[in-house]
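An overview of the molecular structure
Take a look at the letters that make up each chain.
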Amino acid sequence: MLWSSTIYAPGAFGTKAKLSATTCSLSSAAQLAIEATSQTTQEEEGEGAKPKPEVDGSYMTDSYKKNILEYAASLGGNRAERRRAAAPGQAFEPGWLQIGPDAARWQAQGNTHQNAGRVKKILQDPNNLNRVYVAFSAGGVWRSDNFFSQAPTWRALTDSAFVSVPTTSVGAMALGAADSKMIYLGLGDFYDVRPTLGGVVCTSLDATATQGVVFTADECKALPGQTAIRDIKVAPGAGLNRQDQVIVAASAGSWQDGDEAQGGMWVSRDAGQTYQAAKLGANCWSIAQTIIAGSVGWLAACTIDGRSEIWRSSNQGLTFTRIAATPFGPDAGRATLAVLSPGSNIVYALVAKKGDSGLYLDIFRSNGGGAPNTWTALKFLSKRVINPPPRNEWNNWTATTVGGTFWGNGDPIAQASFNQMLLVDPADRTGNTFFFGANLMSAKTTDGGRTFSVVSYWLDTLEQYGIPYNHADHHTAAYLLKPPAALQAPGSRPASMQDIGLPATGSGYGGGFSGIHQDADAAAAAAVAAAETEGVAQAAANVQAADGNVEASDAAQVQQAGARVVVFGTDGGIFVSDDGRGGAMDKGEKNIGISTMLVDLIAATPLFPDLVAVGLQDNAVRSRVGKTSDWNAVSNGDGTGIAMSQAGNPLRACALGQTNWAGCPWRYNLSVLASNTNEILDTLIENNGAVCGTGTLRIIPGDSIPNRAAGFVVPPPALDRTGQTFYMKFARNIFRTKNCGNEWSIWAGVLRGTGLPAPVVQITGDDDPCLDAGCDNTGSALWGGWGDSTGSITLGLHPRNILRAASLLFVSHTKDDPATPAIAITANDGASWITQSFNVPNWFPRSTTSPTFSSDGRRLFVAYTSPGTGAPARILANNNPFAAGAAGAVWRPLPAAGLPRDVPVLRILAHPTIARTLFVANWLGVYVTFDGGLTFSRAGDDTDEPLPLVQVSDLAIIPRAAGGFVLRAGTRGRSVFEYDRVL
């Protein structure tokens, strides 16, 4: 969940270039080529031709995507070759172990719900109703073949021992129309603003396979100029081959739509083998199939300069024309479309206000398929809520209207551009029943928007009033058909549509019960062209579709039998309403076993070797229970900081945590964190949670990101035998405590006066570090940033001398104004600092790391990368950082052979005892060098369990009792992995 009305977005880097509409045909990643073809003319109704726009330049260049896809393909080829060369029956060694978070036994909010990461799409296989696919924004695609059992099991389809797609960032997903074993996967989530790869559509191999590879880089097609995929719809193709028609909504640049948005609509008429640009010059969000004046076509909700527009195609997606006089008005921004059924004339649009106010504009309905002058504003924010709880349960919000219930007095935390879930009930043929979801709650209407009932709330405090818990931030929802009870048990045969009295799907299934397409004539198939529409179970609703095989009685049958469920997709995973009406919500139990949380920070301690704690996006600070994959949620909100004592009395050792709910840290007793006794955990948080202590801990304007710390730094055990010392970083200052937060002092920064100079960071009007192209320290690691130095002052502690430390400084960097990096060194415990500039060729970093000392303290390292330029990641080494004058400013790039080009390094971790061993976390995993940086290899790739190709945001290493060390990796989307073979 976001709590700032200022939404972070990636900067636009590089030069602008002209983009023509293109056809992309990529037979393999190794031969990937992106070639421009003729421009498709875009004519608007009554406006003439639209000017050709320019590309919003960013790191996600076409050459960058080519490099990433080729690299992923080469990794898969290398592993396959090692397998072929192995002796028969030879087993590889164990590698990375997924350790959760998979489940929770205790939550600080007081409930016992279960969570996963942020959900993008939910689909169901029509030929096996127990088979459900869930796509996560940063966690890839997961499949359960026993979804309706009490304890479903899950498999990650985007992981593979032979390397899968080179990212776990997913923006959209759809099932094939001709074959439900096919998945079309859109890479690059619009909100995870710096995915490793985006603007790419991949087709699966057999998505129902029980083992082996499902996705490969060879089956991915890069859409030129695009950085994210926001929606995909699929329809049966016409002609003899009946190849799927795939419609894709894509975007370029910022998710908030920059001034020169270069996204658009793309179409494939050969089941994803090639794609053609159908419309460019807008960032497109949502697609729906409707019928206007008897003609079936596609609607696309897009934004240009942040302003909402609706475009329509009447020729199977080949070209789009703008519907004149955009129906939502000049203040409209992002819109999400939902239809009663594919090819229906009833369509809704949930619309945010333009800009970053965080507010919704309205919900609109069209009974004319979205045609001009057919849209009606429901004015839903002013409509009555029919089930309001007592006023005090709403934190004193006005609870009599939808607007008051959700956001009271226009509170901008509604985050309307981020939270958009809209689901129309296909069993109500009037189209008057639909759900919508926002930031903290979801609601439902059965009378076309005249009144609403609250369906779920983000806390469990309203359960006594019949309003169940559901995690905050709604992004998608789906109706799923429920198989007969006898076919829900493990080991049962697959349950098909016929098992619940509905017609067989034939070969034209559109995915997610968005319509059944029998093998009728091509005209009938095109008329119901179905891709999945927000996962709606429209197999029971597509009345008279495909030769009339689905009748209205089928919808009534499903409704009467209660043979369906509603599944909500949120920032915290999936939640199921078992009665099909939005009530009787579960506690998220079906999230157990799905490891897709977005880790920003990780901490471990030798005092309790099995204890691990992480800071998570919108899933709080969580700590591991013993050796299990269960993790207790010990705070709320976004976990923005976590650190643990590394020495001292275990009973007095502590952890400090930071969330977006408080400026001061939370303090935990480590022995309590390590316990699994709920009664003890209930007394976990000391001093009501926040421990500002005494002294001078202050959060000042311009020092927060936003209104919180940017993490902690902890001395190694040899330098702090008490385990009570912590450094707390902000944008311009560093504070220190020597007694676990009871007292704080200004250790360095602008508040100390003569202390460490602050990095030069441009500041916006909201006093937050600027994230645009000309800014220093661009991005916050907490929001998918460029590295662990970004957005804050940096700090690297010397491993053998507590008086020594280093901080990397640099000024504004652009290609026209290159950065001037400098290192600030203290040898007297922060009392004074020496700043030394140093020259580095082509210093234009888009990502940097905090300075890291080798374990012997003799060398100092920093990494920088310029993704999108084709340059390798650079790791610089200083062999004498504390030397006076120019001798201390000599930095040399390490050869670093084996590190992938163009891929940002997010963290450098030194081995605790071996000076020449370093671990590097980057956008593709963990790499290790044993020779001081001459060569690197991907850690664990020679094992049976390699790490998925996922962004690794943080690392922690601790000694193990049997000797050697345990390395743990916190990933942005695949939770936490452990590597137990470190010497």
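Chains are numbered independently. Their residues run from 1 in the order of the written sequence. Only residues with pLDDT of at least 70 get local features here, since the model is predicted, and only at 80 or more are side-chain atom pairs given and counted; chain-wide, interface and lining totals rely on the full set of residues. With hydrogens and water excluded, all non-hydrogen atoms of the structure serve as input to the side-chain values.

Bringing the overall build of the chain into the picture now. A helix here means a DSSP run of H or I that spans at least four residues, while a strand means a run of E at least two residues long, and both kinds are numbered starting from the N terminus. When you go through the chain residue by residue, the secondary structure sums to six helices and 60 strands. Across the 983 residues in the chain, those meeting the buried criterion constitute 65%. Counting contacts in the chain only where the partners sit at least 6 residues apart, residues at least 24 apart contribute 60% of the total. The method behind every accessible area is Shrake-Rupley, applied with a 1.4 Å probe, and residues are considered shielded solely by the protein chains displayed. In the form shown here, the chain has an accessible surface area of approximately 30900 Å², with 50% of it arising from carbon and sulfur atoms. Each residue's exposure class comes from its accessible area (1.4 Å probe, protein chains only) as a fraction of the maximum for that residue type: buried when under 20%, exposed when over 50%, partly exposed otherwise. We call two residues in contact when some of their heavy atoms are within 4.5 Å.

The next point concerns the state of the cysteines. Here a disulfide denotes one covalent bond, and it connects the sulfur atoms of two cysteines. The disulfide definition used here is simple: a pair of cysteine sulfur atoms within 2.5 Å. One pass over the structure, following the stated rule, counts three disulfides. Paired through a disulfide, Cys-202 and Cys-220 show a sulfur-sulfur distance of 2.1 Å. The disulfide joining Cys-202 to Cys-220 has a torsion of about 100° about its S-S bond and is therefore right-handed. You can see Cys-202 sitting in strand S11 (residues 200-203) and its partner Cys-220 sitting in strand S12 (residues 220-222), a full 18 residues away along the chain. Here Cys-654 pairs with Cys-740 through a disulfide, and the sulfurs are 2.0 Å apart. With the S-S dihedral at roughly -90°, the linkage between Cys-654 and Cys-740 falls on the left-handed side.

Glancing now at the pairing of strand S22 (residues 347-353). In terms of residue burial, S22 counts as a mostly covered element, since six of its seven residues are buried. One requirement defines pairing of two strands: DSSP has to find at least two bridges between them. Judged from the six bridges that link them, strand S21 (residues 332-339) and S22 form a sheet pairing that is antiparallel. Counted as the bridge partner of Ala-338 is Tyr-348 from S22. Strand direction decides the pairing type here: S22 and strand S23 (residues 360-366), joined by six bridges, are antiparallel. Its bridge partner being in S23, Ala-352 is matched across the sheet by Tyr-360.

What follows is about the pairing of strand S60 (residues 976-982). Regular strands show a simple pattern: their side chains alternate between the two faces of the sheet. With five of seven residues buried, S60 lies mostly within the body of the structure. The sheet contact formed by strand S4 (residues 96-100) and S60 spans four bridges and is antiparallel. What sits directly across from Leu-97, in S60, is Glu-978. Pairing geometry for strand S59 (residues 965-971) and S60, over five bridges, is antiparallel. Directly across from Gly-970, in S60, lies its bridge partner Val-976.

Sheet architecture is open: five strands sit in the order S25-S29-S28-S27-S26, paired in mixed fashion. At either end of the open sheet lies a strand with only one pairing partner, and these are strand S25 (384-385) and strand S26 (421-424). Summarising the sheet, S25 and strand S29 (residues 451-457) pair through two bridges and their orientation is parallel. Residue Arg-384 lies in a different strand from S29, and its bridge partner there is Thr-451.

To continue, consider the pattern of salt bridges. Only one rule defines a salt bridge in this text: a Lys or Arg side-chain nitrogen within 4 Å of an Asp or Glu carboxyl oxygen. Applying the stated criterion across every chain, the model contains 23 salt bridges. When salt bridges with common partners are traced through the structure, they connect Arg-118, Lys-120, Asp-189 and Asp-571 into a single cluster.

Our focus in this paragraph is the nonpolar core. The biggest cluster of nonpolar side chains holds 48 residues, and the ones touching the most others in it are Ile-183, Leu-185 and Ile-875. The element that contributes the greatest number of residues to this core is helix H1 (residues 62-85), accounting for five residues. Setting aside chain neighbours within four positions, we find Leu-185 in contact with Val-141, Thr-158, Val-170, Ala-172, Met-173, Val-200, Val-201, Cys-202, Phe-215 and Ile-232. Ala-338, Ile-363, Phe-380 and Ala-438 belong to the second-largest nonpolar core, a separate cluster that totals 30 residues. Here, nonpolar core means buried Ala, Val, Leu, Ile, Met, Phe, Trp, Tyr and Cys residues that are tied together by side-chain atoms lying within 4.5 Å of each other.

By secondary structure assignment, the location of Asp-159 is in the loop between strand S8 (155-156) and strand S9 (170-175). Taking the C-alpha atoms as reference points, Asp-159 and Val-213, 54 residues apart in sequence, are found 8.1 Å from one another. Once residues within four sequence positions are removed from consideration, Asp-159 is found in contact with Ser-164, Pro-948 and Arg-974. Separated by 2.3 Å, the side chains of Asp-159 and Arg-974 make a polar contact. N or O atoms within 3.5 Å of each other form a polar contact, as long as, within protein, one can give a hydrogen and the other can take it, and as long as residues adjacent in sequence are counted only when both atoms are side-chain atoms.

Strand order in the open sheet formed by four strands is S54-S55-S56-S57, with antiparallel pairing between adjacent strands. Looking at the sheet topology across the chains shown, the edges are occupied by strand S54 (905-910) and strand S57 (937-938).

The peptide bond linking Gly-100 to Pro-101 adopts the cis configuration, its omega dihedral lying at 5°. Within the element layout of this structure, Pro-101 appears in the loop between S4 and strand S5 (119-125). In the Ramachandran plot, Ala-896 falls in the positive-phi region, its phi being about 50° despite a non-glycine side chain. Structurally, Ala-896 can be placed in the loop between strand S53 (892-893) and S54. Taking the relative accessible area as the measure of exposure, Ala-896 reaches 6% and is therefore buried.

All right, on to the packing of aromatic side chains then. Aromatic pairs are defined between Phe, Tyr and Trp rings, using the six-membered ring for Trp, whenever the two ring centres lie within 6.5 Å; interplanar angles under 30 degrees are classed as stacked, those over 60 as edge-to-face, and all others as tilted. Scanning all chains against the criterion turns up 19 aromatic pairs. On the numbers, 5.3 Å between centres and 65° between planes, the contact of Tyr-59 with Trp-923 is edge-to-face. With a gap of 864 residues between them, Tyr-59 in the loop between strand S3 (48-49) and H1 and Trp-923 in the loop between strand S55 (918-922) and strand S56 (925-929) connect regions that are remote in the sequence. What makes Tyr-59 buried here is its relative accessible area of 5%.

Our next topic: the environment of Ile-957. Turning to its location among the elements, Ile-957 is positioned in strand S58 (residues 952-959). You can call Ile-957 buried: its relative accessible area is 15%. Along the chain, Ile-957 and Leu-967 lie 10 residues apart, while their C-alpha atoms are 4.5 Å from each other. Setting aside its immediate chain neighbours within four residues, Ile-957 contacts Leu-909, Pro-912, Phe-919, Phe-965, Val-966, Leu-967 and Val-982.

This next bit is on the confidence of the model for the chain. What pLDDT conveys is the predictor's confidence in a given residue, as a value from 0 to 100. With 71% of its residues at a pLDDT of 70 or more, the chain shows a mean pLDDT of 76. In this model residues 255-260 is a low-confidence stretch, pLDDT under 50, and it forms 25 contacts with partners more than four residues away in sequence or in other chains. Note on residues 682-690: pLDDT is under 50 here. Beyond four places in sequence and across chains, it has 22 contacts.

This paragraph deals with the environment of Val-132. Mapped onto the elements of the fold, Val-132 is located in strand S6 (residues 128-136). Distance from Val-132 to Asn-146, taken between C-alpha atoms, is 8.1 Å for residues 14 residues apart in sequence. Apart from the residues within four sequence positions on either side, Val-132 is in contact with Ile-122, Leu-123, Gln-124, Trp-142, Arg-143, Ser-144, Phe-147, Trp-154 and Leu-480.

Here we take up the side chain of Ser-855. Structurally, the position occupied by Ser-855 is in the loop between strand S50 (852-853) and strand S51 (860-865). For Ser-855, a relative accessible area of 9% puts it in the buried group. Of the polar contacts made by the side chain of Ser-855, one reaches the backbone nitrogen of Ala-915; its length is 3.2 Å. For Ser-855, the contacting residues outside a window of four places in its chain are Pro-799, Arg-800, Ala-910, His-911, Pro-912, Thr-913, Ile-914 and Ala-915.

A separate point is the side chain of Thr-929. Turning to its location among the elements, Thr-929 is positioned in strand S56. Under the relative-accessibility criterion, Thr-929 is labelled buried at 0%. With near-sequence residues (within four places) excluded, Thr-929 lies in contact with Arg-916, Thr-917, Leu-918, Leu-934, Thr-935 and Phe-936.

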